[in-house]
Amino acid sequence: MPEEMQQALIERGDDKGRCRPLEVCMSEFDTQVVGILGTGDFSRSLARRLVASGYRVVVGSRTPKHAVALFPEEAEVTSQLEAASQADVVFVAIFPEHHATLLELKTALAGKILVDVSNSSQIKRAGPSHAERLADMFPESFIVKGLNTISAWVLQTGSRDGSRQVFLCSDSSKAKSTVLAMCRRMGFCPVDMGLLSSSREIENLPFYLFPSWGTPILITLILFIFFYLYNFVRDVVHPLVKAKKSVFYKMPIETVNVTLPSVALVMLALVYMPGLLAALVQLRRGTKYDRFPNWLDKWLTKRKQFGLCSFLCAAMHAIYSLCLPMRQSARFRLLNDAFKQVKEGVEDAWSDEGVWRMELYVSVGIIALGLLSLLAITSLPSVADNINWREFSFIQSTLGYCTLSMATVHTLLFGWDRAFDPSQYRFLLPPTFMVVLILPVSVLLVRLILLLPCIAQQLRQIRRGWERSRHIRFILPNDDRVTGFDNVSHV
Ligand SMILES: Cc1cc2nc3c(=O)[nH]c(=O)nc-3n(C[C@H](O)[C@H](O)[C@H](O)COP(=O)(O)OP(=O)(O)OC[C@H]3O[C@@H](n4cnc5c(N)ncnc54)[C@H](O)[C@@H]3O)c2cc1C
Ligand SMILES: NC(=O)c1ccc[n+]([C@@H]2O[C@H](COP(=O)([O-])OP(=O)(O)OC[C@H]3O[C@@H](n4cnc5c(N)ncnc54)[C@H](OP(=O)(O)O)[C@@H]3O)[C@@H](O)[C@H]2O)c1
Ligand code: HEM
């Protein structure tokens, strides 16, 4: 057995899935006999983990003689019936298709805890779960569903190379508590998912692929395609049509580097837009107790994903931007410009305006990216867990608006006076930065309007429970963020 498997794990979890100090868990040690039916990958990893956590393990196999060499010597490998009879808790580590073959163990398993670790082969939307079927087959046993969301590999490596969360549910609270305690002792953070009726959801969990990311990723892709085509038409097709000049070399870097920041800025505006729409809806209705429309509700809950998509695009834009001068095309262009200048007899190409413009927009861009990185870091659960709600909302909301303002200023500085240059309107299409700026500028303007004292005061009242239709006289405390509802007076 690898040495690491024999060491007790450092952190344990409590009933709510939080981790607890080691000493607390150590006091729970006993020599419970744990059975495992099946000798496959999952069973072998589980047996190692259980042995390393101080349990006596009995493995039940149809062919124990063949399987014994695969298990640590501390584990006893015997017949299925023998294992079922000896153990207090039995893990069913065989595929659900074969659960029915265990029916002959019904008497031996009566009154025991059966843990179903099985997964489905596809997502299931209707009908009973495997665990519910197992409960029908063994009505005298206590069925617990769980541990199916971790792989045999994670079980073996002691939960350090994967998620430590395991989801459990059962109709018997005693059986569930026993398995919860076992999971904690194995170094996992169990999450109580309630009754066995949740087992279908738990069985479906391994099939979810970034469930809350679908819409944000789709919108990012749509914006990327839109802006890429827009820039392609302006920067590549226009010179080809008007001057018969082929500049297709721009497609991999230059066009992408105009597209990425455009997507980043629009996505960032889309992070802060739903909060404003929520505020406008609340002001219009004069209450916060009516539900938002479904689309707004969903949008509000996906702001983190929108923000992280924006961060990804902005970070790539920064890297692309830093690479711009090192390209062969940039060097050739520089040489050609220098040659042209010499030919024209220009000695000093320095332009104060051009220099200031670039110094400013690059500097503000770097500040914007720094702030955006801060938002991204605080969205990591490990960081968010270590700051309080006030700090989190200060960073996400206040600094978030600063980030949006900086990114907008960066783009305005980049644009400078080019919005007024007719040559920028190729095929009558306005420059990209102008199209990009519509949403962030609108968001910032609406935010400023909502900050006007008369509107801000009304919004604060609504968010603290005041309702227009109820005619309640409402006095806001001086520091409403610290005090509770004590100063609210009803007439
Ligand atoms: C890189 C990056 C990372 C991010 N990470 C996170 C993150 O980890 N977590 C996160 O939440 N956001 C994250 N965001 C999104 C955003 O920063 C926050 O949601 C931020 O709090 C929004 O601030 P706000 O002032 O617009 O809205 P808020 O102050 O959150 O909301 C405005 C008002 O809308 C209403 N409201 C908001 N949400 C709801 C709701 N669900 N139901 C009912 N009413 C509601 C409330 O009345 C609230 O007062 C991230 C953004 C970026 C750019
Ligand atoms: N592998 C993983 O990473 C993982 C992760 C989460 C959940 N799971 C779940 O754990 C269970 C076992 O998975 P596994 O990967 O360990 O499978 P496996 O390697 O195929 O092992 C299944 C075991 O079931 C036993 N078994 C008992 N009755 C059987 C029968 N009638 N027909 C065939 N086999 C029978 C066999 O052991 P004997 O021949 O010794 O009886 C066999 O070794 C599955 O329900 C799976 O969904 C697995
Ligand atoms: C280290 C940080 C950054 C650097 C170095 C940087 C640099 C640049 C450069 C060099 C350009 C000009 C590109 C060109 O020549 O076409 C540019 C444009 C732009 N940048 Fe940034 N930027 C940074 C961060 C950001 C961030 C965080 C955002 C938004 C979230 C952003 C949004 C934009 C936009 C919208 C444009 C205009 C694109 C166009 O219309 O051509 N930038 N930036």
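In this text, all values refer to a predicted model and were calculated from it rather than measured experimentally.

Right, let's talk about the site of ligand 1 for a bit. By nearness alone, 23 residues border ligand 1, and Gly 275, Lys 304, Gly 307, Ser 379 and Ser 397 come closest of all. For the shell around ligand 1, the elements supplying multiple residues, two or more each, are α12 (251–285), α13 (294–301), α14 (303–323), α16 (352–378) and α18 (389–415). Across the shell around ligand 1, the residue classes break down as eleven nonpolar, nine polar and three charged.

The subject of this paragraph is the environment of Ile 387. By the element assignment, Ile 387 lies in the loop between α17 (381–384) and α18. The class for Ile 387 is partly exposed, based on 13 C-beta atoms found within 10 Å. Not counting residues within four places of it along the chain, the set of residues in contact with Ile 387 comprises Thr 378 and Phe 392.

Residue alternation in strand β6 (residues 89–92) divides its side chains into two sets, Val 89 and Phe 91 and Val 90 and Val 92, and both sets are buried. Strand direction decides the pairing type here: strand β3 (residues 33–37) and β6, joined by four bridges, are parallel. Within β6, the residue paired with Val 34 across the bridge is Val 89. The pairing of β6 with strand β7 (residues 113–116) spans four bridges and is classified as parallel. Bridge pairing in β7 places Val 89 opposite Ile 113.

When the UniProt feature table is mapped onto this chain numbering, "transmembrane region" (unreviewed entry) sits at residues 207–230, 258–281, 306–327, 360–380, 392–413 and 433–456. Between the end C-alpha atoms of residues 207–230 there is a gap of 37 Å, over a span that is 71% helix and 0% strand. A helix fraction of 92% and a strand fraction of 0% characterise residues 433–456, whose end C-alpha atoms lie 31 Å from each other.

Reading the values: the criteria
- Residues numbered from 1 in each chain as written.
- Chains lettered and ligands numbered in written order.
- Predicted model: local features only at pLDDT ≥ 70, side-chain atom pairs only at ≥ 80, totals over all residues.
- Near = placed C-beta within 6 Å.
- Helix = DSSP H or I, 4+ residues; strand = E, 2+ residues; numbered from the N terminus.
- Nonpolar A, V, L, I, M, F, W, Y, C, P; charged D, E, K, R; others polar.
- Buried ≥ 20, exposed ≤ 12 C-beta atoms within 10 Å, placed from the backbone.
- Contact = placed C-beta atoms within 7 Å.
- Pairing = 2+ DSSP bridges.
- UniProt positions renumbered as here; feature names shortened; annotations may be inferred.

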